[in-house]
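The chain contents come next:
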Amino acid sequence: MKLKPLAGGLLAIALATVAGCSGSSSTPTNDAPDAGTITVKGYSGIFEDVFKKSVIEPFQKEYPKIKVNFVGSANSAENLASLRAARNSPDTDISIMDISTSGTGNKSEVFQPLDPAKVPNMKDIDPRGKVEGNFGPALTFDSLVLLYNDSVTPAPTSWNALWDPKYKGKVVVPAQPDIQGTGLMLIENAKAGGDYTKSVDQGVARLKQLAPNVQTWAPQPDSYTLVQSGTAALAVGWNARGQYYADESKGKLKVAIVDEQTIFQINTINLVKDSPSPAAAQTFINYTLSPESQEAFTEAMFYAPTNTKAKPSEKALKRTSLDPAKSAEILQVDWTQVAANREKWTQLWRREILAS
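Residues numbered from 1 in each chain as written. Predicted model: local features only at pLDDT ≥ 70, side-chain atom pairs only at ≥ 80, totals over all residues. Heavy atoms only, no water.

A. Layout of the packing of aromatic side chains. Counted under the stated rule, the structure contains 15 aromatic pairs. Where Phe 51 meets Phe 70, the ring centres are 5.9 Å apart and the plane angle is 55 degrees; that geometry is what we call tilted. One end of the pair, Phe 51, is in helix α2 (residues 46-62); the other, Phe 70, is in strand β2 (residues 66-73), with 19 residues separating them in the sequence. With relative accessibility at 11%, the residue Phe 70 sits in the buried group. Relative to Trp 349, the ring of Trp 217 lies with its centre 5.6 Å away and its plane at 85 degrees, an arrangement referred to as edge-to-face. On the criterion of sequence distance, the pair formed by Trp 217 in the loop between β7 (214-216) and α7 (223-229) and Trp 349 in helix α13 (residues 342-353) is long-range, its members being 132 residues apart. Like Trp 349, Trp 217 is buried. (Phe/Tyr/Trp six-rings, centres within 6.5 Å; stacked < 30°, edge-to-face > 60°. Helix = DSSP H or I, 4+ residues; strand = E, 2+ residues; numbered from the N terminus. Buried < 20%, exposed > 50% of the residue type's maximum accessible area, 1.4 Å probe, protein only.)

Below, the structure is given as structure tokens:
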């Protein structure tokens, strides 16, 4: 995969006092890099469960004086909305969300830049995951895939399977502003020869044609569960979660990486502006970006690592979005522009697609 760059752990820092440097018994404050309580807001469900086990628990063993609370959100839009609601008195230190949404947060000063001296692992992040101005970089890489079960034959190799009349009422697509719906719209817009920087009308028209097949644009509890249970036959979803649930379901849920363009999805990890515990928060962010932490999360949930020094097992890497043997062509997307069009496209979906 050839992608354009998006833009362009913490080593222990010395305390300012001799007492701190000598390990004095003076009580550390929440601004100390190795002490305090931090709140991390990110995806709920299986992401939360695996992240706690493979990242947070090892971190707290290494930094026992830092307590990490994780608060789950259904999606990035909900996450950002909650941060905006609390911006006059922030109660969250770190937020994990997709890059189009975090870009909005960066511009609207919901987030603040990281200190490279406190987050030295930033320098080893893949150029595709670096964000201008030292704002929160990529924590994970992923890609959009098709989810299906045994009712779908033959195994799908194209997004076109979603439009097959035999799956009428059996398709699930999370609607805009969820970037799974956004991604499918951009893919179909490109297939029709459109340029999303000018118009997404061709993608919208294609999704209007899909509407009769769609069982729900708001899957509850999620697309993976609906397909696995047989309630739906086909859905769009993320590779990492799909691979995880494929194992958990013992093959009831299957993952198809199509032979066409797909969307390269990036989750960023961000420092909330006026974080209650910014030093401890950056200690945690640095840890999550370390090769060891990245490897552990890849092994546990098949997100592709963003630290170029991370070396997960070949077996795990082959099931991520970075497996060169099976990765589809990546549609080039400027997520900053996607973020700028979020509200306009959401209204377009409501008028033209969801009303179909």
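B. Spatial organisation of the pairing of β2. Two strands pair when backbone bridges link them, and strand β1 (residues 36-43) and β2 are joined in this way by eight bridges, in the parallel orientation. Bridge assignment links Val 40 to a residue of β2, and that residue is Phe 70. (Pairing = 2+ DSSP bridges.)

C. Inspection of the pattern of salt bridges at higher detail. Tallying each qualifying case throughout the model produces 12 salt bridges. For Lys 52, the salt bridge is made with Glu 48, and the minimal N-O distance between the two is 3.0 Å. Here Lys 52 and its partner Glu 48 are both found in helix α2, four residues apart, which amounts to about one turn of the helix. Given a relative accessible area of 33%, Lys 52 falls into the partly exposed group. Here Glu 48 falls in the buried class, since its relative accessible area comes to 14%. In this structure, the salt-bridge partner of Glu 260 is Lys 191, at a minimum N-O distance of 3.8 Å. Residue Glu 260 is located in the loop between β9 (254-256) and β10 (264-272), and its partner Lys 191 is located in helix α5 (residues 179-191); the two are separated by 69 residues in the primary sequence. The network of salt bridges with common partners includes Glu 188, Lys 191, Arg 206 and Glu 260. (Salt bridge = Lys/Arg side-chain N within 4 Å of Asp/Glu carboxyl O.)

D. Region of the structure containing the layout of surface pockets. Here the largest pocket is characterised by a volume of approximately 740 Å³. Residue lining of the largest pocket: 34 residues in total, with Ala 74, Asn 75, Pro 174, Asp 178 and Gln 180 positioned closest to the centre. Of all elements in the fold, only α3 (76-85), α5, α7, α8 (239-248) and β10 reach the threshold of two or more residues within the lining of the largest pocket. (1 Å grid on protein atoms, 1.4 Å probe; cavity = no way out; pocket = protein on both sides within 12 Å on 5 of 7 lines; lining within 4 Å. Points joined across faces, edges and corners; volume = space filled by probe spheres on them.)

E. Expanded view of the environment of Leu 139. Tracing the sequence through the fold places Leu 139 in strand β5 (residues 138-148). Leu 139 gets classed as buried once you look at its relative accessible area, which sits at 4%. Taking the C-alpha atoms as reference, Leu 139 lies 5.0 Å from Thr 268; in sequence the two are 129 residues apart. Among residues more than four places away in sequence, those in contact with Leu 139 are Phe 51, Ile 96, Asn 267, Thr 268, Ile 269, Thr 288, Leu 289, Gln 294 and Thr 306. (Contact = heavy atoms within 4.5 Å.)

F. Inspection of the packing of α2 against helix α9 (residues 278-288) at higher detail. Between α2 and α9, the least distance of the axes is 11 Å, while the angle of their chain directions is 125 degrees. On the basis of their axis angle, the class for α2 and α9 is oblique. In this structure, the crossing between α2 and α9 has a hand that is right-handed. From α2, Phe 51, Val 55, Ile 56, Pro 58, Phe 59 and Glu 62 reach across to α9, where they touch Thr 283, Phe 284, Tyr 287 and Thr 288. For the contact of α2 with α9, the per-class residue count stands at seven nonpolar, two polar and one charged. (Axes fitted to C-alpha atoms, helices over the stretch in contact; angles between N-to-C directions. Parallel < 35°, antiparallel > 145°, perpendicular 65-115°, else oblique. Left-handed = near helix turned anticlockwise from the far one by under 90°. Nonpolar A, V, L, I, M, F, W, Y, C, P; charged D, E, K, R; others polar.)

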